[in-house]
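# Structure at a glance
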Amino acid sequence: MAIEIAVETPLQDDVRALVAELNAALLELTPPEHCYHLTVEQMAGQDTTVFIARDDGIAVGCGALRRHGEATGEVKRMYTRPSHRGRKIGAQIVARVESLARQEGLKRLVLETGDRHPAAWAVYERAGFSRCGPVLDYPDSEWSVFYEKSLA
């Protein structure tokens, strides 16, 4: 069965479990003070749209668009379960985030990811993102890698 990706509330037990897996995976690679997690409650805010990938009804991936003002969107909470990696789920979610950002007239997408996430870098670079300096209010840190993409 094909992977289905849809906008969903993160306030579901299976999505909470998926986000907990994401948090645990990030904390294995990055010190906690350099992890910038959104909680599921924050993800459920008006400024954020969450995409959930499901395989036969089971949540296997996620990603979100968080809006910062009129012009900038941020790619957040990108994760695919290890069992489903290599199936381009992350790329599909990034494409959905970008499509929504364009529909809403945002001019730029930005993101922060870890310095030990080469698989994530590949997803973003294939989607046309370029490395840049610190974005939004993130500190410049050896633990962070920043990307941006113009939508103008």
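That block above? That's the structure.
Summarised in this report is the structure supplied together with it. (Residues numbered from 1 in each chain as written. Predicted model: local features only at pLDDT ≥ 70, side-chain atom pairs only at ≥ 80, totals over all residues. Heavy atoms only, no water.)

### Here we look at the sheet that holds strand β4 (residues 72–80)
Pairing in this open sheet of 7 strands is mixed, and the strands run β1-β2-β3-β4-β5-β7-β6 from one edge to the other. Sheet topology places β1 (4–7) and β6 (130–132) at the edges, where each strand pairs with a single neighbour. For this sheet, the mean inter-axis angle between neighbouring strands, taken without regard to orientation, is 30°. Both β6 and strand β7 (residues 144–150) contribute to a ladder of 3 bridges, which runs antiparallel. Residue pairing across strands places S130 opposite E148, the latter belonging to β7. Helix-sheet contacts for helix α1 (residues 13–29) involve β2 (48–55), β3 (58–68) and β4, and the interaxial angle to β4 is about 90°. Running at roughly 165° to strand β5 (residues 108–114), helix α4 (residues 118–126) makes contact with β4, β5, β6 and β7 of the sheet. (Pairing = 2+ DSSP bridges. Helix = DSSP H or I, 4+ residues; strand = E, 2+ residues; numbered from the N terminus. Axes fitted to C-alpha atoms, helices over the stretch in contact; angles between N-to-C directions. Contact = heavy atoms within 4.5 Å.)

### Focus on the environment of T72
Topologically, T72 is positioned in strand β4. Here T72 falls in the buried class, since its relative accessible area comes to 14%. A sequence separation of 79 residues divides T72 from L151, and the C-alpha atoms of the two residues are 9.5 Å apart. Discounting residues that sit within four places of it in the chain, T72 has contacts with R66, R67, L106, R108, V110 and L136. (Buried < 20%, exposed > 50% of the residue type's maximum accessible area, 1.4 Å probe, protein only.)

### Regarding unusual backbone geometry
Positive phi outside glycine occurs at R77, with the angle close to 55°. Looking at the element boundaries, R77 is found in strand β4. One non-glycine residue, L136, adopts positive backbone phi at about 50°. With respect to the helices, strands and loops of the structure, L136 is situated in the loop between β6 and β7.

### Brief notes about the pattern of salt bridges
Following the criterion strictly, the structure yields 12 salt bridges and no others. A salt bridge links E148 to R108; the nearest nitrogen and oxygen atoms lie 2.9 Å apart. With a gap of 40 residues between them, E148 in strand β7 and R108 in strand β5 connect regions that are remote in the sequence. The network of salt bridges with common partners includes E8, D14 and R54. (Salt bridge = Lys/Arg side-chain N within 4 Å of Asp/Glu carboxyl O.)

### Focus on α1
Taking 1.5 Å of rise per residue, 17 residues should cover 24 Å, and α1 covers 25 Å from first to last C-alpha, within 8% of that figure. Residues of α1 that are buried: V15, L18, V19, L22 and N23. One side of α1 holds all its buried residues, which, seen down the axis, span an arc of 140°. Seen from the buried face of α1, the exposed residues on the opposite side, beyond 90 degrees, are D13 and E28. Buried residues along α1 sit in contact with α2 (40–43), β2, β3 and β4. (Expected span 1.5 Å × (residues − 1). Arc of directions from axis to C-beta.)

### A few points about the packing of aromatic side chains
As enumerated under the stated definition, the model contains 4 aromatic pairs in all. Relative to Y138, the ring of Y36 lies with its centre 5.1 Å away and its plane at 70°, an arrangement referred to as edge-to-face. With Y36 in the loop between α1 and α2 and Y138 in the loop between β6 and β7, the pair connects residues that are 102 residues apart, well separated along the chain. For Y36, a relative accessible area of 22% translates into the label partly exposed. What makes Y138 buried here is its relative accessible area of 10%. Aromatic pair Y138 and F146: ring centres 6.2 Å apart, planes at 50°, arrangement tilted. Aromatic rings pair up to connect Y36, Y138 and F146 into one cluster. Across from the ring centre of W121, 4.4 Å away, lies the NZ or CZ of R131, which sits over that ring. (Phe/Tyr/Trp six-rings, centres within 6.5 Å; stacked < 30°, edge-to-face > 60°. Lys NZ or Arg CZ within 6 Å of the ring centre and 35° of its normal.)

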